[in-house]
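# Summary of the model geometry
Next come the chains, spelled out residue by residue.
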Amino acid sequence: MFKGSIVALITPFKNGAIDEEAFVRLVDWHVEQGTHGLVPVGTTGESPTLSPDEHKRVIELCIEAVKGRIPVMAGTGSNSTLEAIDFTRHAEEAGADAALVVTPYYNKPTQDGLYAHFKAVHDATNIPIYIYNIPGRSVIDMQPETMARLAELERIVGVKDATADLSRVSVQRHLMGPDFIQLSGEDGTALGFNAHGGVGCISVAANVAPALCAEFQEACLAGDYANALLLQDRLMPLHKALFVEASPGPVKYAANLLGLCEEELRLPLVGVKDETRTLVRKAMIHAGLING
């Protein structure tokens, strides 16, 4: 169900609260632009600073707004296994198509601890689960052998791999086979990721370049890497600019440039610097998203 360009949705805020109207407009816009799937309440959605009630509300809002037009993979991870189970159960009840469960950050579990965490979430729910492996934020790196053990469970069906290690795709493909769904979690290396056997990207850049990112992913899926490379050339400066400062600061500024929502963030994140704004604007001009 999940392949192509899947947007790691930002969560719009206004005066400290979730801007529900802007969020619904975003969802509609992404469907119209050809986005293949949505991930509410991931890292890009500022999940660490949402209350549990807000977290659940954003998932419900996304599912309601999508109206079944494209699939929704709800972010339900936590460094607390009990909380991850609660979020995943809620997403299942709300009608999400899958859950994205991040490796437990801060706690620094062993590989056996990672296995036990994901198995507990799996056994307590009946929804397809994607592992979110992002050692740059969680500190923990799930090894391919651990992932292979988890892939033996019925409803652990894929991974969002944000290691930026392209060899991982081939290693994981060898261990788990081609049916295990591998999605890139890193825009800049998604081209190589797909060439190794990936089938899409859970993307930050797609928040502001949904049509281009969808076209890029469709070219990869069709094996048209010549066209994909041309699109990569347009998008690469944007991929870099959106991570000059902590995400989602730059992408919220970019979304504001497009009139999609306020660029408001929640502490401890603050608005991006002037130098970053300049880089983001130049990248968006280069991609053809705004006029120079």
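Coordinates for the structure precede this section.
My aim in this report is to walk through the structure given alongside it, one point at a time. Just so it is clear, the model here is predicted, and its values are computed rather than measured.

Rules and cut-offs
Residues numbered from 1 in each chain as written. Predicted model: local features only at pLDDT ≥ 70, side-chain atom pairs only at ≥ 80, totals over all residues. Heavy atoms only, no water. Helix = DSSP H or I, 4+ residues; strand = E, 2+ residues; numbered from the N terminus. Rg over C-alpha atoms; globule rule 2.2 N^0.38 Å. Buried < 20%, exposed > 50% of the residue type's maximum accessible area, 1.4 Å probe, protein only. Contact = heavy atoms within 4.5 Å. Areas by Shrake-Rupley, 256 points an atom, 1.4 Å probe, with all protein chains shown as cover. Lys, Arg positive; Asp, Glu negative; His and termini not counted. Charge placed at Lys NZ, Arg CZ, Asp CG, Glu CD. Phe/Tyr/Trp six-rings, centres within 6.5 Å; stacked < 30°, edge-to-face > 60°. Lys NZ or Arg CZ within 6 Å of the ring centre and 35° of its normal. Axes fitted to C-alpha atoms, helices over the stretch in contact; angles between N-to-C directions. Parallel < 35°, antiparallel > 145°, perpendicular 65-115°, else oblique. Left-handed = near helix turned anticlockwise from the far one by under 90°. Nonpolar A, V, L, I, M, F, W, Y, C, P; charged D, E, K, R; others polar.

Moving on: the overall build of the protein chain. The secondary structure content of the protein chain amounts to 12 helices and 10 strands. For 292 residues, the compact-globule formula gives about 19 Å, and the C-alpha radius of gyration of the protein chain, at 18 Å, lands near that figure. In terms of overall dimensions, the protein chain has a C-alpha envelope of 50 × 45 × 35 Å along the principal axes. Of all 292 residues assigned to the protein chain, the portion counted as buried reaches 54%. Residue pairs in contact within the protein chain that sit at least 24 positions apart in sequence constitute 71% of those at least 6 positions apart. A total of about 12,000 Å² of accessible surface is found on the protein chain, and carbon and sulfur atoms cover 51% of it. Here the protein chain contributes 24 positively and 36 negatively charged side chains, and the mean placements of these two sets differ by 3 Å.

Considering all chains together, one arrives at 1 aromatic pair under this definition. Between Phe2 and Tyr130, the aromatic rings sit 5.7 Å apart at their centres with planes inclined by 80°, giving edge-to-face as the arrangement. In this pair, Phe2 sits in the segment before strand E1 (4–8) while Tyr130 sits in strand E7 (residues 129–133), placing the two residues 128 residues apart along the sequence. The exposure class assigned to Tyr130 is buried, which follows from its relative accessible area of 3%. Across from the ring centre of Tyr115, 3.9 Å away, lies the NZ or CZ of Arg149, which sits over that ring.

For Cys220, the location among the structural elements is in helix H9 (residues 210–221). Along the primary structure Cys220 and Gly200 are separated by 20 residues, whereas in three dimensions their C-alpha atoms are 8.4 Å apart. The residues contacting Cys220, other than those within four sequence positions of it, are Leu191, Asn194, Tyr225 and Ala228.

When two helices pack together, their arrangement is given by the angle between the helix axes and the distance between those axes. Where H9 meets helix H10 (residues 225–241), the axes come as close as 8 Å, and the angle between the chain directions of the two elements is 155°. On the basis of the axis angle, H9 is roughly antiparallel to H10. Judged by the sense of rotation from one axis to the other, the crossing of H9 with H10 is left-handed. Along its contact with H9, which presents Leu212, Cys213, Glu215, Phe216, Ala219 and Cys220, the element H10 presents Tyr225, Asn227, Ala228, Leu231, Gln232, Arg234 and Leu235. Across the contact of H9 with H10, the residue classes tally to 9 nonpolar, 2 polar and 2 charged.

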